[in-house]
Amino acid sequence: MLGGARGFSGRWESLEPRPRARMLRQVLHAGLRTSFHALGRFVASHPVFFASAPVLLSILLGASFSRYRVEEDVESLLAPKHSLAKIEGNLVESLFPVNRSKHALYSDLQTPGRYGRVIITARKGSVLDPVHLDTILTLHSQIYQMQVTVPTSAFNYSFSYLCLHDEKNACIIDDIIRAMEEIQSARSTNGSVPVLHYPITQLADGRQAYIGHQLGGVQGWGPGGSVHGPRAGARGEGVRSARALQLTYYLQARGDLMDRVASQWEKAFCAELENFAALHPKLGLYPSTSSSLKMDFQFSSVLARRPLLASLGLCGVLAVLCCSMRDCVRSKPWLGLLALLSVTLSGLTAAGILNLTGATYNSTYLGIPFVMLGHGLFGSFEMLSSWRRTREDQHVKERVASVFEDVMLRFSGSTLIHLMTLGLAASPLTNMEAVRLFCRTAALAVTISYIYMLSFYGSCLVFTGYLETGYRHGCFCRRVPKPDRLDSKPAWYRCLMYTRYQEETQNHQPPGVGHGSVPITNLTHTHTTHHPAALGHSCPAANSTHPQPHSSGGDPHPQDSHLLLGCVRHCFGDWITNTYVKPFVVLLYLVYISFGLMGFLQVTQGSDPSALVAMDTATVLYTRAQQRYFSSYSPVIGFYIYESAPYWNDSVQQDLLEYAKGFQRISWLEAYLNYLSDRNQSTSQPRENFTRTLRQAFLREPQFAHFADDIIFAERGQGEEPDLAASRIFLVAKTTENKREEMSLLLDTLRRLSLTSRVRFLIFNPSFVYLDRYAAAVSSPLRHSLLAVLFLLGLSSLAIVEPLVSVWLGLTLLSVQFGVLGFMTLWGVELDCMSVLCLISALGHSADCSGPLLCGFASGRGDSRTRWVRVALERHGVPSLQTLLCYSVALVPVGSVRSNLTHTLFRCLTLTAGCSALHTLAFLPTLLTFLPPSKTRGPRQEGEGQRQAVECVEMNDSNTRVVDQITTV
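Counting restarts for each chain: residues are numbered from 1 in the order of the written sequence. Two thresholds apply to this predicted model, a pLDDT of at least 70 for residue-level local features and 80 or more for giving and counting side-chain atom pairs, whereas whole-chain, interface and lining totals are computed over all residues. Hydrogens are left out, water is left out, and the side-chain values use all remaining heavy atoms of the structure.

Chemist: I would appreciate a short explanation of the overall build of the protein in the present structure.
Modeler: Per the convention used, a helix needs a DSSP run of H or I reaching at least four residues, while a strand needs a run of E reaching at least two, with both numbered from the N terminus. Each helix and strand in the protein was counted, giving 31 helices and 15 strands. Every one of the 969 residues in the protein was classed for burial, and the buried ones make up 56%. Counting only carbon and sulfur atoms, one obtains 59% of the accessible surface of the protein, whose full area is about 41,000 Å². The rule is simple: take the accessible area with a 1.4 Å probe, protein chains only, and divide by the maximum for that residue type; under 20% is buried, over 50% is exposed, in between is partly exposed. Each accessible area is a Shrake-Rupley result for a 1.4 Å probe, and residues are judged covered by the shown protein chains and nothing else.

So, in C-alpha cells, the structure goes:
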C-alpha cells in the first residue's frame, strides 16, 4: 500500500523549499526505504541462515501438537459473551435449579448439563396409531433399561440411576409418555380411550400438562383439522393424529465420574436409536444430545482436511505457472512453491505457539489459512515482479536490496492494515468469543507470515538469483548451453533450454532509450530525474534501478515477458483505458452498487448455531425435523417474578393475567385463582389467608402438586405465614415460519414491559442467549475494524502516504465491503460470526490488491493519466491478478465440503476475491483516468530554475558483471 520517495536514498537530489507535510513524507520515505535497502543487503549476505532458521523453528514448534486441544464449550463461542440473557439465566438457575425439580420438566426450557433427546416421526399414519404407539413405548422401555460402564468403575449404570428423580424417587419423564401409557392401557382393556388435547391436555390424575413441544404435526377433529384449547370437553375437538413425537431424557452430571458416565450414556443412547431405526423402518428417528452441537461443529474441520490439502496442491500448481516464463533462466517456478512453503511454515509456527500457550481450536479457524495465503502470495508476487524490473547486470545482493527497497514499504503497509483490522476485532471490545479468538490467531499468523516473507522467501530469492546469474535452468538448475552449442540439439531440447544471454541482449537497440554520445553496448539504463518540485509525491514509480515508464514500452524482447504481463501490457491495458470502454465500466459499477444496495437492505441475522455445523449430521437433521413438526408454537418461555410481590392484591393479579394474555400458559396463579373461584372464595384476601390456603390446600391437591416447583417461600418469623419470595409461570406463543425473528421481537417487547411494571419480573429461555444483542455483537467487530482502517489511513496521510491515495484506498475498501455484504445476502448467506470473520479479512485482502495500484498511479508525474494507469497495471496489476487467480483456485475444493460453515466461508471469500478483482482491474483503472489525482504539472514560478537531467552511464565488466556508474548533470 505504501510507497517511497523516488530517487532519494543514495541518490543526488537538490532540495528546495516545499510544503512541510510533503517534506516530512520525503524524509520518512527516505529513511524507511534506506532501512529496507539495508535489510535486503543483510538478508542477501546471509541467505543460508535466513532460509534455515524459519524451517528449524517451525519443526520445533510443530512438535507441540501433542498439546492440541479442541474447544468444548460451543455456547461460549457462538453466543454473545456479555449479554443480559446470560445474567438472567444465572439468576434463574440460582432460584429454580433443574436438579431440584420434582415434577415435569420442559425440554426446550430446562437444559441441564447432560441429556438425550429424540424426535420420532411416522413415515405413514400417525405416531398415535396403535402399532406405532406400542413401538414407541417399547423404545422407551429399552432406553430406560439401557446400561453403560466406564473404564474406571466396575458398576453398570442405567437411566434409573442417572436420571432426575421426583418426590417419589422415580425418574422424571415427559408427560406425553404418561398420556401414551394411559391410551395403551385403555386399549388393552377395551376401555374408553382418553382424549388428547393440544397444546395443553389433562392427564388421568387431573393435572394439566403442556405437550406442545412433545407432540408435533398435529391435526384435530375440528373444522379444517384445527385443534382447539384444553377446556373443550367434546371428543370432536381433540387430537386426531400427530406426525411426530419428541422425548427427552434428563441426566445428572454431578462430579467427574457422573459426567463421564453420562457422556457414555449419550453415546450408547445414539447407538441404541441407530439400531432401533434399522429394525423399524416405518419410523424416523432423529437423536440429539448435549454434545451433538459440539461434535458436529468441530466435524467441519475433519471434513475439510483433504479439501484443504487439495487447495494447497492446486494453488501450488497455479503458482508455479504464474512464476514461469518462456526463458528457462529467468523463469522462477520454484519461487511459487517456496511462497506456499513460506505460508505453510508460518502457519505451523503460529499453531505451535498456540499449542504452547494452551489455546484451543475450533472450526472457524478454517478461514485463517486463506487469510495467510492471500497476504503471503501478494508479497511474493510483488517481490518477483520487482525482481524482474531490476537490472540483470547488477550483483544479486544489490538486486535483492533494490527489491526490498521497492516492495517492502508497500507490503509492510498492507500488513499493518491486516493487523489493525484483526487486532481491534480481537480486543475486549468484541463481544463474540469466536470472532475474538479467530482474529487474535489470524493476527499472530499474519505477523509470522510477514517475518517469514522477509527472511525465508527473501533468502530463496537470493538463491534463485544466483541460479539466474550463473545461467542455470530455473527448474532443473542445470547450466544452459550457449546458442552455438544448442544448434546441434533436438528441437524439444532447444525449446526446453531456451534463454537469452546478456551479450545477446545488449546487441539489440531498445527504441527510445539510447544516448547519442554513449555506445549502446555499455548503456543498460538511462534514468531521468525531474526537478524536485515535480517529485513531491509519496509513492514511488520505481526504484532507480528499475526501468522508467517511458521505456517500458520499448522492451527489446517482448517474447521473454511473462504471459500475463504481455497480455496486460499489450492488450488489457489498452482495452480497459479505451474511450469507448469507459462508459460501460462506469455502467457496470453502477449495476454493482445497485445490486449491493439491494442485498444490503435484506441483511438478516444468522443466530442459529445449527447453521455453522456440518451437513447431514445429527444436529442438522434434528433441527430440520423440529422446524418441520414443532414450529407451531414457540419454546416454553419462563416468566420469573424474582422479588416478593403482593399476589393477594387484585390489581397485581390483573396485571399478571394481562401480561399472560394471548399466550398458552401453565400458571400456578391462574390455576389458584380459578381454584378459589370454584370454591366461592374471594381472590383478594389478606396475605395470611392467601398464603395459608395456597400452602395447605391448593398445593396438596394431586392435580396441583406440581406447582410446588414454581413457588419459593421465605420464612418470616415463628407463627407467621411465609412470604412468596419468588415464583414462575410458563408462557408459549403461537408462531409462524420466522420463529427466531418472532422470538427476538417477543424478547424485546417483554423486556420493555418489565421496565415499567410494578412487578419485578424477567423472562428467559436458553435460546435467548444466542438472540440477545446478537446483531450488535456480530456487527460491532466489523464496524470497529473498518473505522480503525479509515482512521489509520487518515493518520498516515499526514506523514506517510499521499492524502489522495488514502482517500482512494478508503473508498475502495468501503466499496468492496459494501459489495461483499450485499452480494453474500443475495447468495443466501446470513450475517453470522463466520461471515463477519470473512468481512473483516476482506478489508486486508482488498488493500493488498488495490493499494499498490493506487500508489503506482499517484506516484507518476508528467505523462497522461492513461499512460500511468497502464504502467500501474503492468507493475502492480499483474501481481494482484496472479494472487487473485491462485487464491480463487484454492477456494474451489473448499466449496465441495458438506458443511454449512465451509459453504459460508467459500461464498464470502469468493465474493471477496471477485469484488477485489473488479476494483483492481476494472473500476479503479477506469475511474483514475478522469478523477484526481492530476498528472499535469502546475505552472512554474519565476526563478524556480530549469529542469535538470541526471544521466547514469553504466560500465559493465562482462567477466565479473559488476557495474560502475558515471553520473553527469
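Chemist: Explanation requested: the packing of aromatic side chains in the structure shown.
Modeler: Centre-to-centre distance and the angle between the planes together describe a pair of aromatic rings. Here is the rule: rings of Phe, Tyr and Trp (six-membered ring for Trp) pair when centre to centre is within 6.5 Å. Planes less than 30 degrees apart are stacked, more than 60 are edge-to-face, and the remainder are tilted. Under the criterion given, the structure shown has 35 aromatic pairs. Plain terms: the ring middles of Tyr-672 and Tyr-675 are 6.4 Å apart, the flat faces sit at 20 degrees to each other, and that makes the pair stacked. With Tyr-672 and Tyr-675 both in helix α23 (residues 668-678) and 3 residues apart, this pair spans about one turn of that helix. Relative to Phe-704, the ring of Phe-698 has its centre 4.5 Å away and its plane inclined at 20 degrees; by these criteria the two rings are stacked. Among the residues examined, Phe-698 registers a relative accessible area of 0% and is labelled buried. Among the aromatic side chains, those forming a connected cluster through ring pairs are Tyr-672, Tyr-675, Phe-690, Phe-698, Phe-704 and Phe-707. Of note, Arg-399 hangs over the ring of Trp-387, and the distance from its end group to the ring centre comes to 3.9 Å. Lysine and arginine charges are scored as sitting over a ring when NZ or CZ, respectively, is within 6 Å of the ring centre and within 35 degrees of the ring normal.

Chemist: I keep staring at the UniProt feature "transmembrane region" (unreviewed entry) in the protein and nothing clicks. Help me out?
Modeler: Here the UniProt-annotated "transmembrane region" (unreviewed entry) positions come out as residues 303-322, 334-354, 366-387, 407-429, 441-463 and 584-603. Helix makes up 91% of residues 366-387 and strand 0%, with an end-to-end C-alpha separation of 33 Å. Measuring from the first to the last C-alpha atom of residues 407-429 gives 34 Å, for a span that is 83% helix and 0% strand. UniProt positions are given in the numbering used here, feature names are shortened, and annotations may be inferred rather than shown by experiment.

Chemist: Help me out: how do you make sense of the state of the cysteines in this one?
Modeler: Here is the idea: a disulfide is a covalent bond, and it sits between the sulfur atoms of two cysteines. Pairs of cysteine sulfur atoms within 2.5 Å are identified as disulfides in what follows. Under the definition given, this model contains 1 disulfide. Disulfide partner of Cys-163: Cys-171, at an S-S distance of 1.9 Å. Linking Cys-163 and Cys-171, the disulfide has an S-S dihedral of approximately -75 degrees and is accordingly described as left-handed. Across the pair, exposure class does not vary: Cys-163 and Cys-171 are buried alike. The thiol sulfur of Cys-475 is not disulfide-bonded, and the nearest other cysteine sulfur, from Cys-477, lies at 7.6 Å. Relative accessible area serves as the criterion here: at 31%, Cys-475 is assigned to the partly exposed category.

Chemist: Looking at this structure, I do not really get helix α19 (residues 563-576). What am I missing?
Modeler: Along an α-helix, residues three or four positions apart point the same way, because every turn accommodates 3.6 residues. Given a residue, its bend is the angle between the two axes fitted to the seven residues that end at it and to the seven that start from it. The largest bend in α19 comes to about 40 degrees, at Arg-569. By the burial criterion, the buried members of α19 are Leu-564, Leu-565, Gly-566, Val-568, Arg-569, Gly-573 and Ile-576.

Chemist: How do you make sense of the environment of Val-400 when you look at a structure like this?
Modeler: Here Val-400 shows up in helix α13 (residues 396-425). Once the C-alpha coordinates of Val-400 and Val-462 are considered, the two residues, 62 residues apart in sequence, prove to be 6.8 Å apart. When checking whether two residues touch, look at their non-hydrogen atoms; a contact exists if any pair is within 4.5 Å. Apart from residues lying up to four places away in sequence, Val-400 is in contact with Gly-40, Ala-44, Trp-387 and Val-462.

Chemist: Where do I start with unusual backbone geometry in this structure?
Modeler: Glycine aside, residues mostly have negative phi angles, and peptide bonds mostly take the trans form. With an omega of 5 degrees, the peptide bond between Tyr-198 and Pro-199 qualifies as cis. Inspection of the secondary structure assignment puts Pro-199 in the loop between α7 (175-188) and β4 (200-202). Unusually for a residue other than glycine, Asn-190 sits at a positive phi of about 55 degrees. Turning to its location among the elements, Asn-190 is positioned in the loop between α7 and β4. One non-glycine residue with positive phi stands out, namely Cys-477, at about 65 degrees. Looking at where Cys-477 falls in the secondary structure, it is placed in the loop between α14 (433-469) and α15 (483-486).

Chemist: Where do I start with the nonpolar core in this structure?
Modeler: Across soluble globular proteins, nonpolar side chains show a tendency to be buried alongside one another. We define a nonpolar core as any set of buried Ala, Val, Leu, Ile, Met, Phe, Trp, Tyr and Cys residues linked to one another through side-chain atoms lying within 4.5 Å. Among the nonpolar cores identified, the biggest contains 241 residues, and Ile-176, Leu-215, Trp-265 and Trp-668 are the most heavily contacted of them. The dominant element in this core, judged by the number of residues it contributes, is α14, at 19 residues. Not counting the four nearest positions on each side in its chain, Trp-668 is found in contact with Tyr-647, Leu-694, Phe-698, Phe-707, Asp-710, Ile-711, Leu-724, Ser-727, Arg-728 and Ile-729. Membership of the second largest hydrophobic core comes to 7 residues, among which are Tyr-471, Leu-486, Tyr-493 and Met-497.

Chemist: What should I look at first to understand the packing of helix α12 (residues 368-389) against α14 in this one?
Modeler: Axis angle and axis distance: for two packed helices, these are the angle between their axes and the distance between the axes, and together they describe the pair. Packing of α12 against α14 leaves a shortest axis separation of 9 Å and a crossing angle of 30 degrees. Taken together, the axes of α12 and α14 are roughly parallel relative to one another. Judged by the sense of rotation from one axis to the other, the crossing of α12 with α14 is right-handed. Facing Ile-368, Val-371, Met-372, His-375, Gly-376, Ser-380, Met-383, Leu-384 and Trp-387 of α12, the residues of α14 in contact are Phe-438, Thr-441, Ala-442, Ala-445, Val-446, Ser-449, Met-453, Tyr-457, Gly-458, Leu-461, Gly-465 and Glu-468. Looking at the contact of α12 with α14, its residues break down into 13 nonpolar, 7 polar and 1 charged. Each axis is a line fitted through C-alpha atoms, and for a helix only the stretch in contact is used; angles between axes span 0 to 180 degrees, taken between their N-to-C directions. When describing relative orientation, an angle under 35 degrees is termed roughly parallel and one over 145 degrees roughly antiparallel, while 65 to 115 degrees is termed roughly perpendicular and anything else oblique. Helix crossings fall into two classes, left-handed where the near helix is turned counterclockwise from the far one by less than a right angle and right-handed where it is turned clockwise. The residue classification treats Ala, Val, Leu, Ile, Met, Phe, Trp, Tyr, Cys and Pro as nonpolar and Asp, Glu, Lys and Arg as charged. All others, Gly included, are polar.

Chemist: Can you walk me through the pairing of strand β13 (residues 761-764) in this structure?
Modeler: Every other side chain in a regular strand lies on the same face of the sheet, so the side chains alternate between the two faces. Residues of β13 alternate between two faces, with Phe-761 and Ile-763 on one and Leu-762 and Phe-764 on the opposite face, all of them buried. Any two strands are treated as partners once DSSP identifies two or more bridges connecting them. Inspection of the sheet shows strand β9 (residues 637-641) paired to β13 by 4 bridges, in the antiparallel sense. Paired with Gly-638 across the strands is Phe-764, a residue of β13.

Chemist: Teacher, can you tell me more about the packing of helix α5 (residues 130-145) against helix α8 (residues 255-279) here?
Modeler: Following both chains from N to C, one finds α5 and α8 inclined at 150 degrees, their axes separated by 11 Å at the closest point. Considering their axes alone, α5 and α8 lie roughly antiparallel with respect to each other. In terms of crossing hand, the pair formed by α5 and α8 is right-handed. Touching Thr-135, Leu-139, Gln-142 and Ile-143 of α5 are Trp-265, Phe-269, Glu-272, Leu-273 and Phe-276, all from α8.

Chemist: What should I look at first to understand the pattern of salt bridges in this one?
Modeler: Oppositely charged side chains can pair when the atoms bearing their charge come close. By salt bridge we mean one thing: a side-chain nitrogen of Lys or Arg within 4 Å of a carboxyl oxygen of Asp or Glu. Scanning the model with the defined rule gives 29 salt bridges in all. Note that Arg-391 is salt-bridged to Asp-393, the shortest N-O span being 3.9 Å. The same class applies to Arg-391 and to Asp-393, which are both buried. Measuring nitrogen to oxygen at the nearest pair gives 2.6 Å for the salt bridge that ties Arg-665 to Glu-670. When salt bridges with common partners are traced through the structure, they connect Glu-382, Arg-389, Asp-406 and Arg-410 into a single cluster.

Chemist: Help me understand the sheet that holds strand β6 (residues 215-220) in this model?
Modeler: Pairing between the strands of a sheet comes from backbone hydrogen bonds, and it takes one of two forms, parallel or antiparallel. In space, the 4 strands of this open sheet follow the order β6-β7-β1-β8, with antiparallel pairing throughout. Looking at strand neighbours, the two that pair on one side only are β6 and β8 (283-289), the edges of this open sheet. Adjacent strand axes in the sheet meet at a mean angle of 20 degrees when their direction is disregarded. One ladder, built from 8 bridges, connects strand β1 (residues 114-122) with strand β7 (residues 239-251); its direction is antiparallel. Bridge assignment links Gly-116 to a residue of β7, and that residue is Tyr-249.

Chemist: Sorry if this is basic, but what is going on with the environment of Ala-401 here?
Modeler: Along the chain, the position of Ala-401 falls in helix α13. Taking relative accessible area as the criterion, Ala-401 reaches 0% and is therefore assigned buried. With 359 residues separating them along the chain, Ala-401 and Phe-42 place their C-alpha atoms 8.3 Å apart.

Chemist: Can you help me understand the side chain of Ser-455 in this one?
Modeler: As for its position among the elements, Ser-455 is in helix α14. Accessibility expressed as a relative area gives 9% for Ser-455, which makes it buried. Discounting residues that sit within four places of it in the chain, Ser-455 has contacts with Val-43, Phe-50 and Pro-54.

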